[in-house]
Amino acid sequence: MNVSLRQLRVFRAVAEQASFSRAGDQLGLTQPAVSRAVRELEQALELRLLDRTTREVVLTDAGQRLLPKLARALDELDEVLLAARKEGGQAMGSVHVASSPTLSASLMPAIIAACRQRYPLLRLHLQDQVQRLNVAAVRGGEADFGLVVEPEPGDDLWQEEVLVDDFWLVCRGDHPLAAGAWVSWRQLDGEPLVLLDDSSGSRPLIDQLLLRHGLDCPVAQQLGHSHSVFRMAAAGIGVSITPGLAMPLPAGCGLVARPLLPRASRRIVLIRRCNRTLSPAAESLWRLVLEMRQPLQRLAEEIMERALSGN
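Residues numbered from 1 in each chain as written. Predicted model: local features only at pLDDT ≥ 70, side-chain atom pairs only at ≥ 80, totals over all residues. Heavy atoms only, no water.

Asker: Hey, could you run me through the overall build of the protein chain in this one?
Answerer: Helix and strand counts for the protein chain stand at 11 helices and 12 strands. In summary, the protein chain has a C-alpha radius of gyration of 31 Å against a globular reference of 19 Å for 311 residues, an excess of more than 25%. Dimensions of the protein chain, computed from the C-alpha atoms along their principal axes, are close to 105 × 35 × 25 Å. A burial count over the protein chain gives 44% of its 311 residues as buried. (Helix = DSSP H or I, 4+ residues; strand = E, 2+ residues; numbered from the N terminus. Rg over C-alpha atoms; globule rule 2.2 N^0.38 Å. Buried < 20%, exposed > 50% of the residue type's maximum accessible area, 1.4 Å probe, protein only.)

Asker: Please clarify how the pattern of salt bridges should be interpreted in this entry.
Answerer: Following the criterion strictly, the structure yields 15 salt bridges and no others. One salt bridge connects arginine 48 with aspartate 51, and the closest N-O pair in it is separated by 3.9 Å. The partly exposed category is assigned to arginine 48, whose relative accessible area is 46%. A salt bridge links aspartate 156 to arginine 139, with the nearest nitrogen and oxygen atoms 2.5 Å apart. Placement of the pair is aspartate 156 in the loop between β5 (145–149) and β6 (157–172) and arginine 139 in helix α7 (residues 131–140), with a sequence separation of 17 residues. What makes arginine 139 partly exposed here is its relative accessible area of 40%. A cluster of three or more residues bridged by salt bridges with shared partners is formed by Arg12, Glu16 and Asp75. (Salt bridge = Lys/Arg side-chain N within 4 Å of Asp/Glu carboxyl O.)

Asker: Looking at this model, I keep getting lost on the environment of glutamate 191. Mind explaining?
Answerer: You can see glutamate 191 is positioned in the loop between β7 (183–184) and β8 (193–196). The contact partners of glutamate 191, leaving out residues within four places of it in the chain, are His175, Leu177, Cys217, Pro218 and Val239. (Contact = heavy atoms within 4.5 Å.)

Asker: Would you take a moment to explain the packing of aromatic side chains for this structure?
Answerer: To describe a pair of aromatic rings, one takes the distance between the centres and the angle between the planes. Across all of its chains, the model carries 1 aromatic pair by this definition. Measuring from ring centre to ring centre gives 5.4 Å for phenylalanine 145 and tryptophan 286, while their planes differ by 90°; the resulting arrangement is edge-to-face. Here tryptophan 286 lies in helix α10 (residues 280–291) and phenylalanine 145 lies in strand β5, a separation of 141 residues in the sequence. For tryptophan 286, a relative accessible area of 2% corresponds to the buried category. Looking at arginine 272, its charged tip hangs above the ring of tryptophan 286, at a distance of 4.6 Å from the centre. (Phe/Tyr/Trp six-rings, centres within 6.5 Å; stacked < 30°, edge-to-face > 60°. Lys NZ or Arg CZ within 6 Å of the ring centre and 35° of its normal.)

Asker: Whenever I open this one, unusual backbone geometry confuses me. Can you help?
Answerer: Where the residue is not glycine, phi is negative for most of them; where a peptide bond is considered, it is trans in most cases. The omega angle of the peptide bond from methionine 247 to proline 248 is 5°, so this bond is cis rather than trans. Proline 262 follows leucine 261 through a cis peptide bond whose omega is 0°. Relative to the helices and strands, proline 262 is located in the loop between β11 (255–261) and β12 (265–273). Phi is positive for alanine 18, close to 55°, though the residue is something other than glycine. Following the sequence through the fold, alanine 18 ends up in the loop between α1 (5–17) and α2 (20–27).

Asker: Is there a simple way to explain the packing of helix α6 (residues 108–118) against α10 in this structure?
Answerer: Two measures define how a pair of helices packs: the angle their axes make with one another and the distance between the axes. At a closest axis distance of 10 Å, the pairing of α6 and α10 adopts a crossing angle of 120°. Comparing their axes, α10 and α6 come out oblique. α6 and α10 meet at a crossing whose hand is right-handed. Across the interface between the two elements, Ile111, Ala114, Cys115 and Arg118 of α6 pack against Leu285, Leu288, Val289 and Glu291 of α10. In terms of residue class, the contact of α6 with α10 is built from 6 nonpolar, no polar and 2 charged. (Axes fitted to C-alpha atoms, helices over the stretch in contact; angles between N-to-C directions. Parallel < 35°, antiparallel > 145°, perpendicular 65-115°, else oblique. Left-handed = near helix turned anticlockwise from the far one by under 90°. Nonpolar A, V, L, I, M, F, W, Y, C, P; charged D, E, K, R; others polar.)

And the structure:
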């Protein structure tokens, strides 16, 4: 049976208005278009629904039986469509975002606050875990999208850059490398390092930088959290190469941060599955984060300035 929603709406309007012309005015259609839609509906149903004369339009018995049920069905359909439209326009529902502890602490508070202000009916659930688990959660659908350090290229993930975060040297204030305003990568050759472990999104980038500069630096300790790295560095176990968003340094630890030259950075990106449509709520939040790229970049710079000033 080939019946269209347009035909059903036209029939209802004609039946309620008792007029083809008034139904056309209500629906924004010409009278011939209204007549054609009703005729096509009757042919599809193999039923006469309306009796027409030059003076009036009245429902047949079949039309009288159909109209109340059809009106209820169309009203329910309109309610469903209106709710779907509201969900898209107001960003209602739940969104799961995966983010590493460093990014959760530095960037996500501003994102969550902006989300609450823009979309008060949206519930943002933060999955705070290491990079490897974040990427797996997005790939597996447990998270709608992730805010992560740029992962290895792959055909299954779509990436959009949010900001750039520089790498810095962190060492004790009495270390020889702390004497200058900056440190060259070559000055690190032979220095024992305290680094984040392989679960971090930054570790592969740091390893690549050491290799690129031809540095032979023994890894004294590798740990899962920046706070632990800083405490090891403060104890003199080694120096650390640290992203700016891992700051600030622990208060009273005696550590200092120095820029590494030539400059090296990591890209913080949003990731989502390719060829998968986000829910309206998740799409709204994704676009909100992209709108916040400049404020988030400024926030990252402010975090680093506070670290350098000791605040």
